[in-house]
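Next come the chains, spelled out residue by residue.
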Amino acid sequence: MVLALTVCGIVVALVVVGLFLFGLRRRLIQRSGGTFDCSLRWDVAEKPDTNGKGWSYGVARYNGDRIEWYRVFSYAYRPRRVLERSQIEVAGRRLPEGEEELALLSDAVVLACTHRGTRLELAMSEDALTGFLAWLEAAPPGQRVNVA
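Since the model is a prediction, treat every value here as computed from it, not as a measurement. (Residues numbered from 1 in each chain as written. Predicted model: local features only at pLDDT ≥ 70, side-chain atom pairs only at ≥ 80, totals over all residues. Heavy atoms only, no water.)

Regarding the nonpolar core
Most often, soluble globular proteins have nonpolar side chains that are buried together. Judged by nonpolar contacts, the single largest core of 21 residues is most densely connected at Phe-36, Leu-122, Met-124 and Phe-132. Elements supplying a minimum of two residues to this core: β4 (66-71), β6 (88-94), β7 (108-115), β8 (118-125) and α3 (126-137). Looking at this core, the element that brings in the most residues is α3, giving 6 residues. For Phe-132, the contacting residues outside a window of four places in its chain are Phe-36, Tyr-62, Ile-67, Ile-88, Leu-111, Leu-122 and Met-124. Listed in part, the 5 residues of the second largest apolar core include Trp-55, Leu-104, Ala-108 and Ala-123. (Core = buried A, V, L, I, M, F, W, Y, C linked by side-chain atoms within 4.5 Å. Buried < 20%, exposed > 50% of the residue type's maximum accessible area, 1.4 Å probe, protein only. Helix = DSSP H or I, 4+ residues; strand = E, 2+ residues; numbered from the N terminus. Contact = heavy atoms within 4.5 Å.)

Below you can see the structure in the form of structure tokens.
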């Protein structure tokens, strides 16, 4: 009986510590500001599926001429993907279709892009999209930015 209670106590403590570390990591990422919720689908086909597969929920952060994208459900403090402003080309935008509506946040808009020749999709709120497109167009003089 004592052993079972001890094991249950340890499991509960580990779960609480794990949740605390998730929260602490997100707080540290957002500390410098310029963050927004952003789902990412990397290396998509020419005509992407709308079955909702391949999307990863994350947080993106502006850092100078780069966007750093972090997975939400990860303990890593380094970004999973880094997108340079000069290498991002926007191909178009659309609303989520089919099962994508269940995989993404309710107010998401999907932005089709390429980065260094890799096709990707970003899903974010309309407000975040406005800020993202403004950030792309605000590139320093002499940098090539392609926004459709």
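Structure shown, so let's carry the discussion forward.
What to know about the UniProt feature "transmembrane region" (unreviewed entry) in the chain
Those residues carrying the UniProt feature "transmembrane region" (unreviewed entry) are residues 6-24 in this numbering. Helix makes up 100% of residues 6-24 and strand 0%, whereas the separation of the span's terminal C-alpha atoms amounts to 27 Å. (UniProt positions renumbered as here; feature names shortened; annotations may be inferred.)

Quick look at the sheet that holds strand β5 (residues 81-84)
Sheet strands associate in pairs through backbone hydrogen bonding, adopting either a parallel or an antiparallel arrangement. Pairing in this open sheet of 4 strands is antiparallel, and the strands run β1-β3-β4-β5 from one edge to the other. At either margin of the open sheet sits one strand with a lone partner, and together these are β1 (35-37) and β5. Neighbour-to-neighbour, the strand axes of the sheet open up by a mean angle of 25 degrees, direction not taken into account. Pairing of β4 with β5 involves 4 bridges; the strand directions are antiparallel. When the bridges of β5 are listed, Trp-69 appears paired with Arg-81. (Pairing = 2+ DSSP bridges. Axes fitted to C-alpha atoms, helices over the stretch in contact; angles between N-to-C directions.)

What to know about the domain arrangement of the chain
Reports often express the size of an interface as the amount of accessible area lost when the parts come together. Along its sequence, the chain is carved into domain 1 (1-31) and domain 2 (33-137). Averaged C-alpha coordinates put domain 1 and domain 2 at centres separated by 30 Å. With 9 residues of domain 1 in contact, the opposing surface of domain 2 contributes 14 residues. Counting the surface lost from both domain 1 and domain 2, the interface buries some 1,000 Å², and carbon and sulfur atoms represent 54% of this. Together, Phe-22, Arg-25 and Ile-29 form the three largest contributors to the area buried by domain 1 at its contact with domain 2, with a combined 59%. The tally of links from domain 1 across to domain 2 stands at 0 salt bridges. The interface formed by domain 1 and domain 2 includes 0 residue pairs in polar contact (both at pLDDT 80 or more). Class assignment for the residues of the side of domain 1 that touches domain 2 results in 4 nonpolar, 2 polar and 3 charged. (Domains from an automatic or database assignment. Buried area = accessible area lost by both parts, 1.4 Å probe. Salt bridge = Lys/Arg side-chain N within 4 Å of Asp/Glu carboxyl O. Polar contact = N/O pair within 3.5 Å; in protein donor to acceptor, adjacent residues only side chain to side chain. Nonpolar A, V, L, I, M, F, W, Y, C, P; charged D, E, K, R; others polar.)

Digging into unusual backbone geometry
Although it is not a glycine, Asp-43 sits at a positive phi angle of roughly 55 degrees. As for its placement among the helices and strands, Asp-43 is situated in the loop between β2 (39-42) and β3 (58-63). Even without being a glycine, Arg-116 presents a positive backbone phi close to 55 degrees. For Arg-116, the position within the fold is in the loop between β7 and β8. Among the residues examined, Arg-116 registers a relative accessible area of 56% and is labelled exposed.

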